[in-house]
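# Analysis of the macromolecular model
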Amino acid sequence: MNRVSILLCAGIIAARAAGAAPAPTPGTSRPPNLIVILADDLGYGDICAYGCASGRTPHIDALARSGVRF
């Protein structure tokens, strides 16, 4: 993970903590959840959701199918 990614994640977390989260959409009672996964030595293509065919990551794949991928 490079410095830009770390700073981006830290900025998102800081913004959420400061209350700068987007307003809930009409019909919902709370803002969306945010999950940041930080893993050492994990490359972009090492997760099945991004094209890896050699390893299995079923739980991360389920998160990717039901949420937003960056």
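Description of the structure in this document. As the structure is a prediction and not an experimental result, all values here were calculated from the model. (Residues numbered from 1 in each chain as written. Predicted model: local features only at pLDDT ≥ 70, side-chain atom pairs only at ≥ 80, totals over all residues. Heavy atoms only, no water.)

## Things to note about the environment of valine 36
With respect to the secondary-structure elements, valine 36 resides in the loop between α1 (3-17) and α2 (58-66). Valine 36 sits 23 residues away from isoleucine 13 along the chain, and the two C-alpha atoms are 8.7 Å apart. (Helix = DSSP H or I, 4+ residues; strand = E, 2+ residues; numbered from the N terminus.)

## Focus on a nonpolar patch on the surface
On the surface, a nonpolar cluster with roughly 230 Å² of combined accessible area is contributed by Ile13, Leu34 and Val36. A relative accessible area of 38% means that valine 36 is categorised as partly exposed. (Patch = residues over 30% accessible without salt bridge, like charges linked within 9 Å, V, L, I, M, F, W, Y side chains within 5 Å. Areas by Shrake-Rupley, 256 points an atom, 1.4 Å probe, with all protein chains shown as cover. Salt bridge = Lys/Arg side-chain N within 4 Å of Asp/Glu carboxyl O. Buried < 20%, exposed > 50% of the residue type's maximum accessible area, 1.4 Å probe, protein only.)

## A word on the side chain of aspartate 61
By the element assignment, aspartate 61 lies in helix α2. Although buried, aspartate 61 forms no salt bridge, and the nearest oppositely charged side chain, arginine 65, lies 5.2 Å from it. (Lys, Arg positive; Asp, Glu negative; His and termini not counted.)

## With respect to the environment of alanine 49
Mapped onto the secondary structure, alanine 49 falls in the loop between α1 and α2. Excluding residues that lie within four positions of it along the chain, alanine 49 makes contacts with Asp61, Ala64 and Arg69. (Contact = heavy atoms within 4.5 Å.)

## Quick look at the state of the cysteines
All told, the structure shown has zero disulfides when counted by the stated rule. With no disulfide partner, cysteine 48 has as its closest neighbouring cysteine sulfur the one in cysteine 52, 5.2 Å distant. Judged by its relative accessible area of 26%, cysteine 48 is partly exposed. Among the residues examined, cysteine 52 registers a relative accessible area of 15% and is labelled buried. (Disulfide = S-S within 2.5 Å.)

## Points about the side chain of threonine 57
The residue threonine 57 is located in the loop between α1 and α2 in this model. Setting aside residues no more than four positions away along its own chain, threonine 57 makes contact with Asp46, Ile47 and Cys48.

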